[in-house]
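Coordinate analysis (summary)
So the chains spell out like this:
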2 protein chains.
Amino acid sequence: MLIALDAMGTDTAPSSEVAGAMAAVDRDSDLEIALIGDETRIHRCLDDYPEHNRISVVHTTQSIRTTDSPIAALRRNPRSSIRLGLEMQRAGEADGFVSAGSTGAVMAASLIVLRRLPGVDRSPLAAPFPTQEGLTLVVDVGANLDCKPHHLAQFARLGSTYMHDVEDIENPRVGLLNVGAEKVKGTGMLKTTHRLLSASGLNFVGNVEGRDIIHGACDVLVCDGLSGNVLLKFYESLAHFIFRSFRARVEQDLLDQRLRDQFRLFDYAEYGGAPLLGVNGVSIVCHGESSAKAIRKGVGVATRMVRADLVTHTARDLETVQGGPS
Amino acid sequence: MLIALDAMGTDTAPSSEVAGAMAAVDRDSDLEIALIGDETRIHRCLDDYPEHNRISVVHTTQSIRTTDSPIAALRRNPRSSIRLGLEMQRAGEADGFVSAGSTGAVMAASLIVLRRLPGVDRSPLAAPFPTQEGLTLVVDVGANLDCKPHHLAQFARLGSTYMHDVEDIENPRVGLLNVGAEKVKGTGMLKTTHRLLSASGLNFVGNVEGRDIIHGACDVLVCDGLSGNVLLKFYESLAHFIFRSFRARVEQDLLDQRLRDQFRLFDYAEYGGAPLLGVNGVSIVCHGESSAKAIRKGVGVATRMVRADLVTHTARDLETVQGGPS
């Protein structure tokens, strides 16, 4: 198992990536990582660690900044760390790709290089939201701002297979983000989506309100990329604020175990990266401010997707739906 | 100054309403409150307090449950506490109305009884979000799920006048909720709204991302009612969770002042009710779980709207815009 890791993505690149990679291979004896980026800078960071035979470096000096326009930047940088990492996967040299670089560029390059699976009209970005009950996968968090009902229904299916395979949830509960619980609530688009999901064969638990998320009302929460993006960034910033406010107390051991557990909810680094679903491969987007721990967790998500053979299962699910009952 | 207070709205009605009303008149010597609802039940609660000559009761046994369909329920209950309270305002017997009852019913009844101001196409519900810097008014939080650019531009104007008059902000900064800061970000609807706001003469500070809200990036945050509703309910539930988790610590005086201040951010009762903007009158919706303190704060918002003469200023602003530069 080899994961291609963009070493130039975080704000502190390549140091967080190198530290995250070292921690990841230390914890997983079947894992190899290829660090993609400027070899001089990567080796300078690697020098801080004992040599590791499951870490390799793929050199390129081209990288894409988050301020660049994704498509134009990808065109100008055919050997960017993002592009190279994904090409390795297409060539069968890597099993998955992880990057904390420009989300737009990773999404665009993944669609170009890996391509969407047959039957997928839109590839959504999914993000795990920590809740009191575990994790809820929110799909989409920004890849598709304007969505039609059948897109949301596809997001539900992709998210459901993901939570089954990667988070080991037997029959994932799918919820639809809406302003009220009753099925008559929401816009026309949401009402139609409600009907599609009710008939989808998925474990659809109905509409989920903003207030139900933190209580873990569902395993997969479906929404358009605009609502999901706003919600994700709002949650991250609040979690960051709370974490920062109370961290000193936790470190000084001034909080009891129950509070420490609740507090962990707000340690976003715990939850790793956001998988791009519905592509023919494994592509994980991590936060640009990712710590080494967050990179390690992102790599962990990629390895679980690979080991669960999520892409094969997703393709099979999509075929079954398209073919109808046989 | 007389505020009509729906005494039958909260989950603990009328006890929270009565306690909130008593606290409100105690703190404001120019305030009278008319409690609208079942006089037997109201008087039973009032018996716990010394008699107060600025509290009166308007009797009705009709009330609307939050599970009822608003329009049908209003039709079936012509003397509901919501309808009566608003009718008092139209008749000049009250200056404002506050209810913790069905949000849908209060909005519908306000539009029927008070009517929209000339030049207002849609009346948005606005909610103050506590931030690190003070308050940000989010408009709309659920009255209008599908919005067109000119609706959002109107929300911006209504919210701006509100923050000027009621929160004493000199030149309120208006932000547009979006997935990125650059003006090319977002859906076609958001891009058009960005253009309208840029040309509006308002103090438009551009797109605001989910992560910027908590830092107080703007005073008025404009969005469609779907995004706003989801965000509000998510914030409320998170705040409630955090407040509950850490309250014992605060009460035991185990946190220092800085943490106590940050913690207050999550005491939602601090921030009172959500004003329905753009109607010819004052109508405030409080949370169904409002405590006495939250009711008192909701009444406080109504009195500030009345004292600032917000409705007159709003009408004048709208006229100026419609008439164009003279």
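All figures in this text were calculated on a predicted structure; none of them were measured in a lab.

**A look at the overall build of chain A**
Per the secondary structure count, chain A includes 11 helices and 11 strands. Computed over C-alpha atoms, the radius of gyration of chain A comes to 20 Å, within 12% of the 20 Å expected from 2.2 N^0.38 for 326 residues, which places it in the range of a compact globule. For the C-alpha atoms alone, the extent of chain A along its principal axes is close to 60 × 55 × 35 Å. Long-range contacts, defined here as pairs at least 24 residues apart, represent 71% of the contacts in chain A between residues at least 6 apart.

**Observations concerning the sheet that holds strand β1 (residues 2-6) of chain A**
Residue and element names in this part refer to chain A. The six strands lie next to each other as β3-β2-β1-β4-β11-β10, forming an open sheet whose pairing is mixed. If you trace the sheet from one side to the other, it starts and ends with β3 (55-59) and β10 (274-275), each paired once. Where β10 meets strand β11 (residues 283-285), two bridges bridge the pair, whose relative direction is antiparallel. The partner of Pro275 across the bridge, within β11, is Ile284. Of the strands in this sheet, β1, β2 (32-37) and β3 touch helix α1 (residues 15-27), which is tilted by about 170 degrees from β2. Contacting β1, β2, β4 (96-99), β10 and β11, helix α10 (residues 292-307) crosses the sheet at an angle of about 160 degrees to β4.

**A closer look at the pairing of strand β5 (residues 126-131) of chain A**
Residue and element names in this part refer to chain A. Two elements, β5 and strand β6 (residues 134-139), share six bridges in a ladder whose sense is antiparallel. Bridge pairing links Pro128 to Leu137 in β6. Once β5 ends, the chain turns through two residues before running back antiparallel as β6.

**Points about the relation of the copies chain B and chain A**
Turning chain B through 180 degrees and shifting it by 0.0 Å along the axis lays it on chain A, with an RMSD of 0.0 Å. One copy is carried onto the other by what is essentially a two-fold rotation axis. Looking at the rotation axis and the C-alpha trace of chain B, the residue lying nearest is Ser227 of chain B, at 2.8 Å.

**Comments concerning helix α7 (residues 188-198) of chain A**
Residues and elements named next belong to chain A. Taken together, the buried positions of α7 are Leu190, Thr193, His194 and Leu197. An end-on view of α7 places all buried positions within 105 degrees of arc, on one side of the element. The outward face of α7, more than 90 degrees from its buried face, is lined by the exposed residues Gly188 and Arg195.

**Notes on the packing of helix α6 (residues 149-167) of chain B against helix α7 (residues 188-198) of chain B**
Residues and elements named next belong to chain B. One way to put it is that α6 packs onto α7 with a least axis distance of 8 Å and a crossing angle of 45 degrees. Taken together, the axis directions place α6 and α7 in an arrangement best described as oblique. Crossing hand, α6 versus α7: right-handed. Mapping the contact onto sequence places Pro149, His150, Leu152, Ala153 and Ala156 in α6 and Met189, Thr192, Thr193, Leu196 and Leu197 in α7. Considered class by class, the residues forming the contact of α6 with α7 number seven nonpolar, three polar and no charged.

**A short note on the interface of chain B and chain A**
Contacts between the two partners involve 28 residues from chain B and, on the opposite side, 28 residues from chain A. For the side of chain B that touches chain A, the elements supplying multiple residues, two or more each, are α8 (225-251) and α9 (257-264) of chain B. A per-element tally of the side of chain B that touches chain A places α8 of chain B first, with 14 residues. Of the residues that constitute the side of chain B that touches chain A, the class distribution is 14 nonpolar, nine polar and five charged.

**Overview of unusual backbone geometry**
Residues and elements named next belong to chain A. Between Val139 and Asp140 the backbone carries a cis peptide bond, its omega angle lying at 20 degrees. Along the chain, the position of Asp140 falls in the loop between β6 and α6 (149-166). Phi at Arg115 is positive, roughly 70 degrees, even though this residue is not glycine. Among the structural elements, Arg115 can be located in the loop between α5 (103-113) and β5.

**A short note on the environment of Leu221 of chain B**
All names here are of chain B. Structurally, Leu221 is set in strand β9 (residues 220-222). Note on Leu221: 28 C-beta atoms within 10 Å, which makes it buried. Separated by 84 residues in the primary sequence, Leu221 and Leu137 place their C-alpha atoms 6.0 Å from one another. Excluding residues within four positions of it along the chain, Leu221 makes contact with Thr136, Val138, Gly175, Leu177, Val208 and Ile213.

**Examining the domain arrangement of chain A**
All names here are of chain A. Looking at chain A, the domain boundaries give domain 1 (2-120 + 278-305) and domain 2 (126-267). For domain 1 versus domain 2, the separation of C-alpha centres amounts to 26 Å. With six residues of domain 1 at the interface, the matching set in domain 2 holds five residues. Mapped onto the side of domain 1 that touches domain 2, the elements with two or more residues apiece are α5 and α10. Looking at the side of domain 1 that touches domain 2 residue by residue, the classes come out as three nonpolar, two polar and one charged.

**Looking at the pairing of strand β8 (residues 203-208) of chain B**
Residues and elements named next belong to chain B. Two elements, strand β7 (residues 173-177) and β8, share five bridges in a ladder whose sense is parallel. Paired with Leu177 across the strands is Val208, a residue of β8. After leaving β7, the chain enters α7 and then returns to the sheet as β8, a path that is right-handed.

**Quick word on the packing of helix α4 (residues 81-90) of chain A against α5 of chain A**
All names here are of chain A. Contact geometry of α4 with α5 gives a least axis separation of 10 Å together with a crossing angle of 30 degrees. As far as their axial angle goes, α5 and α4 are roughly parallel. Our pair here, α4 against α5, has a crossing hand that is right-handed. Contacts between α4 and α5 pair Ile82, Arg83, Leu86, Glu87 and Arg90 from the former with Ala105, Val106, Ala109, Ser110 and Val113 from the latter. Counted by class, the contact of α4 with α5 contains six nonpolar, one polar and three charged residues.

**A look at the sheet that holds strand β6 (residues 134-139) of chain B**
Hydrogen bonds along the backbone pair up the strands of a sheet, which may run parallel or antiparallel. Residues and elements named next belong to chain B. Within the open sheet, the five strands sit side by side as β5-β6-β9-β7-β8. Their pairing is mixed. In this open sheet, the two strands that pair with only one neighbour each are β5 (126-131) and β8. The average angle at which neighbouring strand axes cross in this sheet is 30 degrees, direction not considered. Of the strands in this sheet, β5, β6, β7 and β9 touch α6, which is tilted by about 165 degrees from β9. Relative to the sheet, α7 contacts β7 and β8, its axis offset from that of β7 by approximately 170 degrees.

**With respect to helix α10 (residues 292-308) of chain B**
Residue and element names in this part refer to chain B. Compared with an ideal rise of 1.5 Å per residue, which puts 17 residues at 24 Å, α10 spans 24 Å between its outermost C-alpha atoms and is within 8% of the ideal. Burial of α10 is extensive: 13 of the 17 residues sit out of reach of the surface. At the C-terminal side of α10, Asp309 shows a positive phi close to 60 degrees.

Each value, and the rule that gives it
Residues numbered from 1 in each chain as written. Chains lettered and ligands numbered in written order. Predicted model: local features only at pLDDT ≥ 70, side-chain atom pairs only at ≥ 80, totals over all residues. Helix = DSSP H or I, 4+ residues; strand = E, 2+ residues; numbered from the N terminus. Rg over C-alpha atoms; globule rule 2.2 N^0.38 Å. Contact = placed C-beta atoms within 7 Å. Pairing = 2+ DSSP bridges. Axes fitted to C-alpha atoms, helices over the stretch in contact; angles between N-to-C directions. Least-squares fit on C-alpha atoms with pLDDT ≥ 70 in both. Buried ≥ 20, exposed ≤ 12 C-beta atoms within 10 Å, placed from the backbone. Arc of directions from axis to C-beta. Parallel < 35°, antiparallel > 145°, perpendicular 65-115°, else oblique. Left-handed = near helix turned anticlockwise from the far one by under 90°. Nonpolar A, V, L, I, M, F, W, Y, C, P; charged D, E, K, R; others polar. Domains from an automatic or database assignment. Right-handed = clockwise from strand over helix to strand, strands pointing away. Expected span 1.5 Å × (residues − 1).

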